[in-house]
Protein chains: 2
Amino acid sequence: MPSSQPPRSAHFADRLLARVRSLGHPLCLGLDPHLPLIPPLFRHENMEPHHPATAEHVVRFLCAVLERYEGHVAVVKPQVAFFEQMGASGFAALEKVIARARELDMLIVLDAKRGDIDSTAQAYAHSLAPESPLHSDAITVHPYLGRDSIEPFTHAAETYGGGVFVLVKTSNPGAADLQDLTCGGRRLFEHVARMLAPSCERLRGSCGWSSLGVVVGAHHTEDAIRIRQLLPHALFLVPGFGAQGADARAAVAGFVPGPSGREGGIVNSSRALLFPPGSHTDDLATWERAIDEARDRAIEALRAATRG
Amino acid sequence: MPSSQPPRSAHFADRLLARVRSLGHPLCLGLDPHLPLIPPLFRHENMEPHHPATAEHVVRFLCAVLERYEGHVAVVKPQVAFFEQMGASGFAALEKVIARARELDMLIVLDAKRGDIDSTAQAYAHSLAPESPLHSDAITVHPYLGRDSIEPFTHAAETYGGGVFVLVKTSNPGAADLQDLTCGGRRLFEHVARMLAPSCERLRGSCGWSSLGVVVGAHHTEDAIRIRQLLPHALFLVPGFGAQGADARAAVAGFVPGPSGREGGIVNSSRALLFPPGSHTDDLATWERAIDEARDRAIEALRAATRG
């Protein structure tokens with residue numbers, strides 16, 4: 001384990017912020033292995049999810065990407081759906097990818113969007129335990145079932161030094177269907193934020209930020225500012241930067257001044273980093289150049305947007 | 001494949017209703033393998049989720065239960081969380097349990113409570129495809145991300161003859177935190193029901209019921225009646241019967257008169273069927289008697305509650 005890595009029991013927000021501040025940018029590398037998009041260099045002849053060779057090729061592809069990001073990124077976010085569609089072999093692939101990212105000193109946010117109650121939620125929250133095969137530093141969670149569906153996750157976060165990101169305002173057009181409904185003078189997503197506030201304060205670390213964070217889509221800059229008012233210490237996980245079209249300045253709308261520039265969350269990009277222009281090739285050097293260029297572009301854009 | 005089983009491409013609600021009507025009750029067997037509760041007969045010395053032998057013991061336990069239900073139940077509902085906590089070996093166990101239930105002519109509702117957007121939701125919906133290793137007849141889904149997060153699931157349901165159950169009103173105390181908020185004169189769960197109505201009508205089968213159903217907790221009888229008004233053709237998946245304390249009559253509050261008694265959904269029981277009194281034993285005959293008695297009690301209670 002590199003000496004730069006804090007002990008595993010340390011507070012999630014403290015561990016994350018230490019890395020983000022040291023790198024000087026909040027980029028999160030999203031690991032969404034869309035099978036049809038994987039470049040020729042890493043494909044086999046039949047990349048269907050049910051083909052027994054597919055999962056292993058996904059591992060090779062993602063581990064090759066991870067190696068281009070060593071020392072460049074604080075955190076990665078595997079999207080569980082793309083692994084789950086391959087069944088048990090997909091979960092074996094996910095375990096390998098998580099293990100490799102951990103070796104490369106990256107934190108893991110498991111983008112699972114789980115949400116259930118009681119012992120079922122506890123079973124999902126087990127992914128935060130060091131002995132779990134999916135051992136992750138944080139997990140994403142749905143709010144619809146209410147406070148008692150969030151508690152098993154925050155409890156596991158406190159036990160294991162992990163984190164939780166609850167969906168508050170998402171980046172898709174349909175987000176407005178329910179999240180923007182006005183209930184008693186407040187929109188639904190504001191109610192969700194207020195529901196989380198006490199736990200969010202309880203989970204603050206020595207860096208000032210909380211291990212209970214929220215998902216806030218990059219397109220909703222005014223909503224991000226409103227959520228920041230309601231949850232001054234919640235880390236934002238911001239999807240929608242890059243392929244989904246939002247620019248870096250919009251993505252950090254909910255960030256606030258910190259010791260080394262604006263901070264307060266991580267900004268995820270998946271497709272723009274995994275499948276950039278020029279990367280659909282079977283030539284290794286060409287592929288590496290395309291991946292590195294996309295990485296440096298995203299980092300530079302976020303550095304510029306968060307500069308103090 | 002037994003001759004009683006309609007072709008796999010048939011409409012989900014039609015397939016389900018044919019079985020429920022023929023058996024004369026709506027019981028759904030919930031497969032929630034709580035590791036600490038598994039009886040001595042099926043345990044090994046260390047039933048932690050990360051122990052490599054645990055998943056195989058879970059398979060033996062659940063397959064033994066499934067065999068006691070052959071010919072007795074239309075549908076089973078595996079709770080993915082309890083498998084996922086075991087990682088890849090847990091998904092391998094889930095694949096085996098699903099395959100065994102299918103051999104025994106039971107339909108599978110995958111209780112995954114997934115919810116995401118675009119291609120990610122499509123990847124989760126892949127579990128409805130016959131070639132998926134997790135091939136299920138229906139899946140449970142979160143509504144918080146809105147209409148466009150439901151569509152990939154209803155689209156897969158239409159393609160494969162599968163079903164979708166969207167969480168509308170859940171059985172936990174925290175359900176009230178968001179689901180009961182009043183937004184423009186209607187509670188949030190009513191907004192969710194109204195959002196689903198057009199798709200629900202589109203997915204109706206020849207039995208009259210829709211393959212787009214809803215989850216409605218057994219304790220909320222008035223809310224169940226309200227949701228039935230808003231969604232006259234949605235099948236209800238009712239959790240909370242049995243161990244969670246609701247009685248059979250409350251569980252079928254949203255059902256309506258049908259050709260052979262009151263119908264309109266399935267009523268799930270997990271813990272009361274998997275871990276009934278007298279089943280914590282290492283004697284096979286004693287265990288079988290306890291499982292059979294719990295099964296017959298639940299079926300009789302639901303038959304009485306749905307009698308025409």
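Remember, predicted model here, so these are calculated numbers, not experimental data. Just so you know, the residues in each chain are numbered from 1, in the order the chain's sequence is written. Chains and ligands are labelled sequentially in the order written, the chains with letters from A and the ligands with numbers from 1. Owing to the predicted nature of the model, reporting of local features is limited to residues with pLDDT of at least 70; listing and counting of side-chain atom pairs is limited to 80 or more, with chain, interface and lining totals taken over all residues.

Our focus in this paragraph is the pairing of strand β12 (residues 265-269) of chain B. Residue and element names in this part refer to chain B. Within β12, five of the five residues are buried, which leaves it mostly tucked inside the rest of the structure. Buried residues are those with 20 or more other C-beta atoms within 10 Å of their own C-beta, exposed residues have 12 or fewer, and partly exposed residues lie in between; C-beta atoms are placed from the backbone. The secondary structure listing takes helices from DSSP runs of H or I that are at least 4 residues long and strands from runs of E that are at least 2 residues long, numbered from the N terminus. Residues Gly265, Val267 and Ser269 line one face of β12 and the alternating positions Ile266 and Asn268 line the opposite face, and both faces are buried. In this scheme, strands are said to pair when DSSP sees at least two bridges between them. Note that strand β1 (residues 27-31) and β12 share three bridges and pair parallel. Looking across to β12, one finds that cysteine 28 is bridged to asparagine 268. Here three bridges tie strand β9 (residues 234-238) to β12, and the two strands are oriented parallel to one another. If you follow phenylalanine 236 over to β12, its bridge partner there is glycine 265.

Right, let's talk about the sheet that holds strand β9 (residues 234-238) of chain A for a bit. The strands that make up a sheet are held in pairs by hydrogen bonds between backbone atoms, and each pair lies either parallel or antiparallel. Residues and elements named next belong to chain A. Strand order in the closed barrel formed by eight strands is β1-β2-β3-β4-β5-β8-β9-β12, and the pairing between neighbours is parallel. Strand-to-strand twist in this sheet, taken as the mean axis angle between neighbours without regard to direction, amounts to 30°. In terms of strand pairing, strand β2 (residues 75-78) meets strand β3 (residues 107-114) through two bridges, oriented parallel. Within β3, the residue paired with valine 76 across the bridge is isoleucine 108. Any two residues are considered in contact once their C-beta atoms, placed from the backbone, lie within 7 Å. Fitting a line to C-alpha atoms yields each axis, with helices limited to the stretch in contact; the angle taken between N-to-C directions then spans 0 to 180 degrees. Contacting β4 (138-141), β5 (163-169) and β8 (210-216), helix α6 (residues 147-160) runs over the sheet at an angle of about 145° to β5.

A few words now on the sheet that holds strand β8 (residues 210-216) of chain B. Residues and elements named next belong to chain B. Read around the closed barrel, eight strands run β1-β2-β3-β4-β5-β8-β9-β12, paired in parallel fashion. The average undirected angle you get between the axes of adjacent strands in this sheet is 30°. Where strand β4 (residues 138-141) lies against strand β5 (residues 163-169), four bridges are found, and the strand directions are parallel. Within β5, the residue paired with isoleucine 139 across the bridge is valine 164.

Bringing the packing of helix α5 (residues 118-125) of chain B against helix α6 (residues 147-160) of chain B into the picture now. Residues and elements named next belong to chain B. At a minimum axis separation of 8 Å, α5 and α6 run at an interaxial angle of 35°. You can see that α5 and α6 cross each other, and the crossing is right-handed. Facing α5, whose interface residues are Ala121, Gln122 and Ala125, α6 presents Ser149, Pro152, Phe153 and Ala156. Asp, Glu, Lys and Arg are counted as charged, while Ala, Val, Leu, Ile, Met, Phe, Trp, Tyr, Cys and Pro are counted as nonpolar; the rest, among them Gly, fall into the polar class. Residues of the contact of α5 with α6, tallied by class, amount to five nonpolar, two polar and no charged. In this scheme the crossing of two helices becomes right-handed for a clockwise turn of the near helix relative to the far one and left-handed for an anticlockwise turn of less than a right angle.

Residues and elements named next belong to chain B. Mapping cysteine 207 onto the fold places it in the loop between α8 (188-202) and β8. Linking cysteine 207 and alanine 272, residues 65 residues apart in sequence, is a C-alpha distance of 31 Å. Those residues in contact with cysteine 207 that sit more than four places away from it in its chain are Ala13, Asp14 and Leu17.

What follows covers the interface of chain B and chain A. Opposite the 51 residues of chain B that make contact, chain A presents 51 residues. Only α3 (80-84), α4 (88-103), α5, α6, α7 (175-179), β6 (182-183) and α8 of chain B provide two or more residues apiece to the side of chain B that touches chain A. Class assignment for the residues of the side of chain B that touches chain A results in 24 nonpolar, 19 polar and eight charged.

The operation relating chain B to chain A is a screw motion whose rotation component is 180°, with 0.0 Å of axial translation and a residual RMSD of 0.0 Å. Taken together, the turn and the small shift mark the pair as related by a two-fold rotation axis. Taking C-alpha positions as the reference, the residue of chain B nearest the rotation axis is Cys183(B), at 2.0 Å. Same-surface contact between copies: 100% of interface residues of chain B are shared with the interface of chain A. We place the copies in one frame by least squares, fitting the C-alpha atoms of every residue whose pLDDT is at least 70 in both.

So, on to the nonpolar core. What tends to happen in soluble globular proteins is that the nonpolar side chains get buried as a cluster. Each nonpolar core reported here comprises buried Ala, Val, Leu, Ile, Met, Phe, Trp, Tyr and Cys residues connected via C-beta atoms within 7 Å. If you look at the biggest cluster of nonpolar residues, it comprises 213 residues, and the most contacted ones within it are Val214(A) and Val214(B). For this core, the element with the most residues is helix α12 (residues 284-306) of chain B, which contributes nine residues. Apart from residues no more than four positions distant in its own chain, Val214(B) is found in contact with Phe165(B), Val166(B), Val168(B), Ala193(B), Leu196(B), Ile227(B), Leu231(B), Ala234(B) and Phe236(B).

Right, let's talk about the confidence of the model for chain A for a bit. Residue and element names in this part refer to chain A. The quantity called pLDDT is the predictor's confidence in a given residue, expressed from 0 to 100. When pLDDT is averaged across chain A, the result is 95; 95% of the residues are at 70 or more. Note on residues 1-8: pLDDT is under 50 here. Beyond four places in sequence and across chains, it has seven contacts. Predicted as a complex, the structure gets a pTM of 0.96 and an ipTM equal to 0.95.

Our focus in this paragraph is unusual backbone geometry. All names here are of chain A. Look at aspartate 105: it is not a glycine, yet its phi comes out positive at around 70°. Along the chain, aspartate 105 turns up in the loop between α4 (88-103) and β3. The residue aspartate 118 is not glycine, and still its phi comes out positive at about 50°. Tracing the chain through its elements places aspartate 118 in helix α5 (residues 118-125).

Further remarks concern the environment of Arg228(B). All names here are of chain B. Of note, arginine 228 is situated in helix α9 (residues 221-230). What makes arginine 228 buried here is the crowd of 21 C-beta atoms within 10 Å. In this structure the C-alpha to C-alpha distance between arginine 228 and leucine 66, which are 162 residues apart in sequence, comes to 31 Å. Among residues more than four places away in sequence, those in contact with arginine 228 are Gly254 and Val256.

Another aspect to go through is α8(B). One turn of the α-helix equals 3.6 residues, which is why residues spaced by three or four share an orientation. Of all the bends in α8(B), the greatest reaches close to 40° and is centred on Leu196(B); the proline Pro198(B) follows between one and four positions later. Considered for burial, the residues of α8(B) that qualify are Leu188(B), Phe189(B), Glu190(B), His191(B), Val192(B), Ala193(B), Met195(B), Leu196(B), Ser199(B) and Cys200(B). What is called the bend at a residue is the angle between a pair of axes, fitted to the seven residues leading up to and ending at it and to the seven starting from it.

Our focus in this paragraph is the pairing of β1(B). Within a regular beta strand, the side chains point alternately toward one face of the sheet and then the other, so they alternate between its two faces. Counting buried positions along β1(B) yields five of five residues, so the element is predominantly enclosed. Across the two faces of β1(B) the burial is the same, with Leu27(B), Leu29(B) and Leu31(B) and Cys28(B) and Gly30(B) all buried.

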